[in-house]
Amino acid sequence: MSATGWDETGPIIETSGLTRTFTVRDGARRRRLTAVDGLTVTIEPGEAVGYIGANGAGKSTTIKMLTGILVPTRGTVTTCGLRPVKDRRRLARQVGVVFGQRSQLWWDLPVRESFRILAAIHDLPAATERERTGELVEHLEMADFLATPVRQLSLGQRMRAEIAAALLHAPRLVILDEPTIGLDVLSKQRLREFLVARRRTHGTTLLLTTHDMGDVERLCDRILVIDRGRLAYDGDLAGLGRTTGAQRVLVVDLAAPAPDLTGIPAARHLGSEAHGLRQRLAFDPDRTTAAQVFAAVAARVEVRDFTVAEPDIEDVVRRLYARQASGSPQNAGDDAATMTTVTNTQR
Amino acid sequence: MDDAGLAGAGPGQVRTLPPRAGELRRRSRGARLRPYRAVLASRARSQATYRANFALDLASSLLTAIAELAEIWVLFRSVTGIGGLDFRQILLVFGLADLTFSLADLMFGHCDRLPTYLRAGTLDVFYLRPQPLLAQLITSDIALRRLARASVGLAALVAGLVVNDVAWGAASMALLALALASGVATFAALFVTAAGLQFFVVDGRELTNSFVYGGRYAATQPASVWPHSLVVVFGYVFPMAFTGFLPSLRLLGLPSTGWLPSWLGWCGPLAAVWAWTAALLCWRWGMRHYRGGGG
Amino acid sequence: MRATVRVYWRLLHAGFRRQSTYRLAALGGLVANTTFGLLKMAVLFATVRAAGGELAGYDLARMSTYVWLSQGLLGSLNLDGHSEMADRIRDGQVAVDFLRPLDVQAASITTEVGRALFSLLPRGIPAVALGLVVGMALPESPTAYALFALSLLLGIVLSMATAYLVGISGFWLVETRGVQVCYMVLSGFLAGLFVPVRLFPAWLGSVAQATPFPAMMTYPVDILAGRVGPSGALESIAVQLAWLAGVVALGQALTRAGRHRLEVQGG
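Residues numbered from 1 in each chain as written. Chains lettered and ligands numbered in written order. Predicted model: local features only at pLDDT ≥ 70, side-chain atom pairs only at ≥ 80, totals over all residues.

Section: the overall build of chain A
Threshold: Each helix is a run of H or I in the DSSP string that is no shorter than four residues. Each strand is a run of E no shorter than two, and both are numbered from the N terminus. Labels follow a simple rule on C-beta atoms placed from the backbone: if 20 or more others lie within 10 Å of a residue's own, it is buried; if 12 or fewer, it is exposed; otherwise it is partly exposed.
What chain A contains, in helices and strands, is 11 helices and 13 strands. Looking at the 347 residues of chain A, the share that counts as buried comes to 44%.

Concerning the overall build of chain C
Inclusion rule: Our radius of gyration looks at C-alpha atoms and nothing else; its globule reference is 2.2 Å times the residue count to the power 0.38. What counts as a contact here is a pair of residues whose C-beta atoms, placed from the backbone, lie within 7 Å.
Looking only at helices and strands, chain C has 11 helices and 2 strands in total. In chain C, the order of α-helices and β-strands from amino to carboxyl end is α-α-β-β-α-α-α-α-α-α-α-α-α. Compactness check: chain C gives a C-alpha radius of gyration of 19 Å against a globular reference of 18 Å for 267 residues, within 12% of the reference. Taking the principal axes of its C-alpha atoms as reference, chain C extends roughly 65 × 40 × 35 Å. When burial is assessed residue by residue, chain C has 50% of its 267 residues classed as buried. Expressed as a percentage of contacts within chain C between residues at least 6 apart in sequence, the contacts between residues at least 24 apart total 83%.

Details of the domain arrangement of chain A
Note the following rule: Residue ranges for the domains trace back to a domain assignment, done automatically or taken from a database.
Partitioning chain A into structural domains gives domain 1 (13-240) and domain 2 (247-309). Centre-to-centre, using C-alpha coordinates, domain 1 of chain A lies 41 Å away from domain 2 of chain A.

A closer look at the sheet that holds strand β12 (residues 278-283) of chain A
Residues and elements named next belong to chain A. Rules: Criterion used throughout: strands pair if DSSP finds at least two bridges between them. Every angle, taken between N-to-C directions, lies between 0 and 180 degrees, and every axis is a line fitted to C-alpha atoms, over only the stretch in contact when it is a helix.
The strand order across the open sheet built from 4 strands is β11-β12-β10-β13, with neighbouring strands paired in antiparallel fashion. Every interior strand has two partners, whereas the edge strands, β11 (267-273) and β13 (303-309), have only one. Along the sheet, successive strands turn relative to each other by an average axial angle of 20°, direction set aside. Of the pairings in the sheet, the one linking strand β10 (residues 248-254) to β13 comprises 6 bridges and is antiparallel in character. Bridge pairing in β13 links Val251 to Thr307. Sheet strands touched by helix α9 (residues 290-300): β10, β11, β12 and β13. Its angle to β10, the strand with the most contacts, is close to 30°.

Quick look at the interface of chain C and chain B
Threshold: Put simply, Ala, Val, Leu, Ile, Met, Phe, Trp, Tyr, Cys and Pro go in the nonpolar bin, Asp, Glu, Lys and Arg in the charged bin, and everything else, Gly too, in the polar bin.
Between chain C and chain B, the residue contacts involve 29 residues of the former and 33 residues of the latter. Mapped by element, the contributors of at least two residues to the side of chain C that touches chain B are α2 (23-50) and α8 (177-191) of chain C. By residue number, the principal contributor to the side of chain C that touches chain B is α2(C), which donates 15 residues. Taken together, the residues of the side of chain C that touches chain B sort by class into 22 nonpolar, 5 polar and 2 charged.

A short note on the sheet that holds strand β5 (residues 95-99) of chain A
All names here are of chain A. The strand order β5-β6-β7-β3-β8-β9 describes an open sheet built from 6 strands, whose pairing is mixed. At either margin of the open sheet sits one strand with a lone partner, and together these are β5 and β9 (230-235). On average, each strand axis in the sheet is inclined to that of its neighbour by 15°, with strand direction left out of account. By the bridge criterion, 5 bridges tie strand β8 (residues 222-227) to β9 in an arrangement that is antiparallel. Each residue of the ladder has a partner; that of Val225, found in β9, is Tyr233.

What to know about the packing of helix α6 (residues 104-134) of chain C against helix α7 (residues 142-168) of chain C
All names here are of chain C. Note the following rule: Angular relationships are summarised with four words: roughly parallel below 35 degrees, roughly antiparallel beyond 145, roughly perpendicular across 65 to 115, and oblique for the angles in between. Should the near helix be turned counterclockwise from the far one by less than a right angle, the crossing is left-handed, whereas a clockwise turn marks it as right-handed.
At a minimum axis distance of 9 Å, the contact between α6 and α7 shows a crossing angle of 130°. The angle between α6 and α7 falls in the class oblique. Crossing hand, α6 versus α7: right-handed. Judged by residue contacts, Gln105, Ser108, Ile109, Glu112, Val113 and Ala116 of α6 engage Ile156, Val157, Met160, Ala161 and Tyr164 from α7.

Comments concerning unusual backbone geometry
Residues and elements named next belong to chain A. A positive phi angle, near 55°, is found at Glu141, a position not held by glycine. Its place among the elements puts Glu141 in the loop between α4 (126-139) and α5 (155-167). Of the residues examined, Glu141 has 12 C-beta atoms within 10 Å and is grouped as exposed.

What about helix α12 (residues 245-252) of chain B?
Counted residue by residue, α12(B) has 8 buried out of 8 residues, so it is predominantly covered. The set of residues buried in α12(B) consists of B:Phe245, B:Leu246, B:Pro247, B:Ser248, B:Leu249, B:Arg250, B:Leu251 and B:Leu252.

Things to note about helix α6 (residues 185-202) of chain A
Residue and element names in this part refer to chain A. We count it as follows: The span expected for a helix works out to 1.5 Å for each residue beyond the first. Directions from the helix axis toward the C-beta atoms define the arc.
The terminal C-alpha atoms of α6, which comprises 18 residues, lie 26 Å apart, in line with the 26 Å expected from a rise of 1.5 Å per residue. Within α6 the residues assigned to the buried category are Lys188, Leu191, Leu195, Arg199 and His202. Taken end-on, α6 shows its buried residues confined to a sector of 100°, consistent with a single buried face. For α6, the exposed residues set more than 90 degrees away from the buried face come down to Val185, Leu186 and Ala197. Buried residues belonging to α6 abut β3 (48-52), α5, β7 (205-210) and α7 (213-219). Looking one or two places after α6, you find Gly203, whose phi comes out positive at around 70°.

Some points on the confidence of the model for chain A
Convention followed: Values of pLDDT, the confidence the predictor places in each residue, fall between 0 and 100.
With 86% of its residues at a pLDDT of 70 or more, chain A shows a mean pLDDT of 83. Within the model, pLDDT remains below 50 along residues 1-5 of chain A, and this stretch shows 8 contacts once partners closer than five positions in the same chain are excluded.

Focus on the environment of A:Arg130
Turning to its location among the elements, A:Arg130 is positioned in helix α4. Spatially, the C-alpha atoms of A:Arg130 and A:Leu183 are 29 Å apart, while their sequence positions differ by 53 residues.

Focus on the confidence of the model for chain C
Where the model shows low pLDDT, its predicted coordinates should not be examined in detail. Residue and element names in this part refer to chain C. Per-chain confidence: chain C averages 87 in pLDDT, with 94% of residues scoring 70 or above. Ranking the elements of chain C by mean pLDDT puts helix α1 (residues 2-19) last with 72 and helix α9 (residues 202-209) first with 94. Across the assembled chains, the prediction reports ipTM 0.85 with pTM 0.82.

Structural notes on the environment of C:Gly135
Among the structural elements, C:Gly135 can be located in the loop between α6 and α7. What C:Gly135 contacts, discounting residues up to four positions off in sequence, is C:Ala61 and C:Ser64.

Let's talk about the packing of helix α9 (residues 170-197) of chain B against helix α13 (residues 268-291) of chain B
Residues and elements named next belong to chain B. Their axes nearest at 8 Å, the elements α9 and α13 cross at an angle of 15°. In terms of orientation, α9 lies roughly parallel with respect to α13. The handedness of the crossing between α9 and α13 comes out as left-handed. Its residues assigned to classes, the contact of α9 with α13 comprises 18 nonpolar, 7 polar and no charged.

In structure tokens:
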């Protein structure tokens, strides 16, 4: 323990064989349900980690074990160098959590009042409270609705208030559980920008569970995929694309409408827009390069502009699930279910 | 800004945040109570702002208490005495029991609505705050409307003290004070027990009602009419007789009855300690069950 | 005609079936019932004994009947003023009800009565069983039982119909809580939930008789306890019918007025 009162050198989250099972009463029988199975993960301070998985894959259970709400059945977990269950109260001072579907604010009170109470809860001196509240209000643009009761806020406004509430005590680790769910595109954008900036200026570690691949793309440098309680992937986004063999996409804007560019070697025509003015071609990065495909296209038609898009994330994740499930024919049904789940994600 | 000195650090570099003043300084009593005061103050304020509703709540609370008193009055006026007590004497019992119950209800009454908190996920939010969970639950609300109910209890208590031949002195004052304090504590423990049990029993509200509101009902009765089974349950297991009946026996100089000797009127604090031990145990078991394992 | 009857029968059945899901709560209810029943019994028996063995027509056995039957009826009588109608008015769903080819008042009351009848099983039967164990007065003639059953049914329907009036005030009042709490306090007290109405002093008794509440609980109890003979029972039933007619008529008028208000306001 350093003089500052907490361990600043170790990982911010460290789990080893973390397991959680539930007994579920199914009519007259009892079943053991394994929500999280042998999760071993280390997260260093300052990282931004996306934690993705289908509904019921074990994300919320993991979060609950990280914050001390649930006791693990097996394995160990250390958050900010503390044991979540035993040192819950100390841990609470270092972690901020934002629940997308649950509120930490007082429903019938004005937003400002909630902040005052939280400042009291975290025992912030008056000057610090003023400073931090002012900063958060400014950066999250909350000045208009500070006096509005929380229950009258729109979802976007409420999420901003929730994030401010979670950051008021300047935690080292911020866990966000589906923070952008239900938000419109603009709100999502602003929220993401705020979190990126926050990380840059404060070095806050972010752990984000989400169904929204846009969040993952823009916020996270590392991705953990959990599938039926087990860790299916731990690495960066590009690696995920490579692992699942997903393809990159070349998007070309042509000078004049042209028929579909089929027959380009090692490339597959995905679609055309505006009568062929914009066309999309997918290619496997292992088999050819963007330059080669572009050269082949340019030889045929006049190209005015082009971009190369990374693999479609939903496609990637779906493939990962499919890959995990392949080899066990009876999982075909699960596959369809997870695929439907993934396709339902919002961008 | 606290971390202004580290503005030069680039992205991805680990920044060590200097300690904030709050971390290092020894938390004074005032600082420890600050979060609770903040929540309670805001709840009280928010209740007072919805004036029409609040007035309505006060009125209904008042009406309920009056109806309960009226029921006792109807019974006692049809005969000369019940269980060796007449109406004037039962007024004292009612006053003590109902006043202490109302005050406990004011502060702890929301606790037995734990399932609502569980459903709304509020309890999970409590886990993320640096205060003990039970303390957060208890201070999460205050029911000011119960003040109206308490006023009826208080009126009955005062009336009971006035119309009866109470031997005033240091001893009786002490007894009264003890009875009031331990009465509130005992009833408060019931609410907490109800909360703890409701972790286990789904839809357990009716079950807990049987000792919380059944207890209140029992506390305003002349316990001398109870058969032995009721004396065990509401005399000792849920020590309701200690909140009103036994102190009244002592104050009024009435004889002991059945298994309830009158000197127990002084043992209110013992009853409160017992009730709170049981309450904290239930709470602990409940929490353990919720978290799924040893704490 | 037969179709309408079938519909109402189905509603009754649905209300009946919905209650069966609350089984564990029913167990808790049993414990609560027993607790309150024993406490009431203790104090009321002492009262009867203090009065020399009989008070206002109740001896110990009849008092026992009163205690256990009143506990058993708790789930079946609406003594808290809540009704689905109030909720449906508040969230606007009542507009849908008006579009259906059913009389809104009749449908609402029928469903609630169905629920109430179901509650007789987990609540009523154990309470009565306990009473039998402890010992309570029961009539000897089968006619008395028949009259009791009729009176009980009328009492239940009357309580639902009266609670309906509370719910329907939601067409005019934004917040029905005030009316509902008033109803809760008064109904319990005046129906004789904790103290038999017959024990009230004369003036209070008259006040009670001016309301439909005693007709919900006290009349059936008195018939079963044998406190009133067959002629008294018929008289009680007549009074119950009179109250029912009045309350239902008022409910009809108010429903129509409420519907009109809804249409005018645009729901």
